[in-house]
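Residue-level structural notes
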Amino acid sequence: MQDANARFPLTARILILRQFLWGAAFYGTYVLLTKFFLVELNYSEADTIMMLGAFGAVGPVFSAVGGFVADRYIGAFRAVYIGYTAYTIGFFMLGLGASQLNIPMSIFAIALIGYARGLSATCPTVLFGNSYSATNRESFQQGLTINYSINNLGSFLSQYLFPFMVAYLAYQGNFFISSFLMMLTLVLFFTFRKRFVVAGNDLDKRPVSLKVWAGFIIGSAVMLRLVYFIFDNLEVGKYFLYSLGVVVILYFIYEITRATVAYRYKMCCVLIMIFVFMVFYFYYGQMLTSMNIYAINLMGDQLLGFIPIRPESNVAFNPLWCFVLGGPVIFLYDWLERKGFSPTIPTKFVAAFGLTAIAFALLGLSTSFVGEDGKISADWILWVNFFQSFAELIVGALGAGFIFEMVPRYLSAFSMGLRAVALSLSGIVAAVISTKIALPKDQVLTPEIIEGVYASYFYNLAILAVVMAVVTLGLSKVIAKLIRKGEELEQQEAGQDIATDH
C-alpha cells in the first residue's frame, strides 16, 4: 500500500471509523440488555446478571478459536467480513425478538452476536497492523491508541443516548439502529475490499477450497449451537465455561513441563500473572453486573445536578473516563520514565488494585447517602467509575505483551487465547458472585436491605482488593526472581551454543 508509511494510512482511517460504528452498535445494545431482560422478558435479577455475565464472556472465550480459524483457514479479512455480517443479522433478529417479546429468538440473536464477536474480535487488529509498513511501527502504536479512544467515544455516546431513545423507539428500534450501524461497516468493507485484502494475511489473497468452506460452515453451526445452549441453560453453561478455562490452564501447565528450563521459569511467571489478571478482571466484571444492578435500582436521574441521565446509562461512565484519562495516563508514564522510574507490570497491578479498593469503598459508602426519593446521586457512580477506569487504564493491554515475552514463540498464539479464556472465566465468576445481591421481583428497598445486601457486599470487595494489592506486591518479587533466573539460564544456554559452534 502506497501510504503504509503515513501516520494514518487510508486503511487505518477506515478501520478507525469502523471501530466507532462497532463500539456504538455493540455497547449501545449492551447497555439496554439488563433492563430488556429484567422488564421486557421478565427475567429475575439473578438470571439477568448471569445472562449479562455470559454475554460478556462468550465472545472472548471463542476469540481464540476465531483467531485460529482466521490464521489457518479463511483469512483475517474474511473472518471480519463474515463476523460483521453475523453481527448485522444478530442485532436485527434481536430487534424482531424484542418487538414480539420472543425469548427463544432473542436468545438466538444474543448467541449469534456472541458467535460474531468470537469469530471477528482478533482480526481488525491484524488488518490495522498490516496497513502500516514494517518501518512505521511507532505510528502503528499511536494509531492503536487513537483507535481505542474512538471505540470509547462511540461506546460512551451510544450508552448515554440509547436509554433515552427507548422512550421513542422502544427496545426494538434501538436494536435495529445497531443493525444499521453494522450494515454501514459492511458497506465500508465492500467498498474498500481490495485494500483490506492487501492488509489481510496470505489466506485472504487466495481462494478458499470448498472443503474448507464446508468445514467452516459445519464448525460455525456447532459453535453457534453451543453458544445458544450456554445462554439458554445458564446454570449448566457456566460449568462448561469453567471446564474450558481449567482445560486451557492445565494444557499450559503441561507445556511448561515440555519447555526448556529457562522458559519453565518464565512460563511460571505467566501462570502467576494469569491469577492476578483473573482477580483484577473479576472487578471489571462487577461493573456490568452488581454495580449495574445497584445503579439501576438506586441511581438518581441527574448528574452534577443538571445533566439528565438514565440509571442504565451508568455503564457509559467507564468509556467516558477511559476517553478523558487516556492522554493523562500516557503523560504520567512518560513523566515517570524521565524521572528514571519504570514500574514493572506487577507493580502497576498493585496500583490498579489500590484504585479498585477506593472505587468499591466509595460504592459501599454511597449506600449511606440515599435521599428522600430513595435514590443516591449519580455523582457517586461517576466517581466510582473514575477510580475503576483509572485502574483499567493503568494495566490496559499490559498482560498481552508480558505473556508474549515470557513464552516460546510456538505458544504465542495459544497464550493469547489463554489470556482471553482467563479473562472470560473471571467474568463468569463475577456474574456468579454478583447474584448474591440479586433481589426478588418487586422487592421494596428498605434501608436495612440496602445496608445488609449492597453495603456489606461492596465493602467486602474493597477489602479483598486491598488484600490483593498486598498479595500482588509479594508475587511481584517472586516473578522478578523467576524472570531473573530464566534470563540467567538463557545466557548460559546461549554461551554453551557458542562454545559448541567453535
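Residues numbered from 1 in each chain as written. Predicted model: local features only at pLDDT ≥ 70, side-chain atom pairs only at ≥ 80, totals over all residues. Heavy atoms only, no water.

**A short note on the overall build of the protein chain**
Tallying secondary structure elements over the protein chain gives 17 helices and two strands in all. Relative to a compact globule of 502 residues, whose C-alpha radius of gyration would be 23 Å, the protein chain shows 23 Å and is just as compact. Overall, the C-alpha framework of the protein chain stretches about 85 × 55 × 45 Å when taken along its three principal axes. Put simply, of all contacts in the protein chain between residues at least 6 apart along the chain, 81% involve residues at least 24 apart. When the accessible surface of the protein chain is split by element, carbon and sulfur atoms take 66% of a total near 22,000 Å². When the 32 positive and 29 negative side-chain charges of the protein chain are each reduced to one mean point, those points stand 9 Å apart. (Helix = DSSP H or I, 4+ residues; strand = E, 2+ residues; numbered from the N terminus. Rg over C-alpha atoms; globule rule 2.2 N^0.38 Å. Contact = heavy atoms within 4.5 Å. Areas by Shrake-Rupley, 256 points an atom, 1.4 Å probe, with all protein chains shown as cover. Lys, Arg positive; Asp, Glu negative; His and termini not counted. Charge placed at Lys NZ, Arg CZ, Asp CG, Glu CD.)

**Comments concerning the packing of helix α2 (residues 45-74) against helix α4 (residues 103-120)**
Between α2 and α4, the least distance of the axes is 6 Å, while the angle of their chain directions is 35 degrees. Crossing handedness for the pair α2 and α4: right-handed. Where α2 approaches α4, its residues M51, F55, G56, V58, G59, P60, F62, S63 and G66 are matched on the opposing element by I107, I110, I113, G114, R117, G118 and L119. Class assignment of the residues belonging to the contact of α2 with α4 gives a composition of nine nonpolar, six polar and one charged. (Axes fitted to C-alpha atoms, helices over the stretch in contact; angles between N-to-C directions. Left-handed = near helix turned anticlockwise from the far one by under 90°. Nonpolar A, V, L, I, M, F, W, Y, C, P; charged D, E, K, R; others polar.)

**Quick notes on the pattern of salt bridges**
Taken as a whole, this structure holds one salt bridge when the rule is applied. Two residues, E255 and R258, come together in a salt bridge whose shortest N-O distance is 3.1 Å. Within this pair, E255 and its partner R258 are both found in helix α9 (residues 234-258), separated by three residues, close to a single helical turn. Overall, R258 belongs to the exposed group, its relative accessible area being 51%. (Salt bridge = Lys/Arg side-chain N within 4 Å of Asp/Glu carboxyl O. Buried < 20%, exposed > 50% of the residue type's maximum accessible area, 1.4 Å probe, protein only.)

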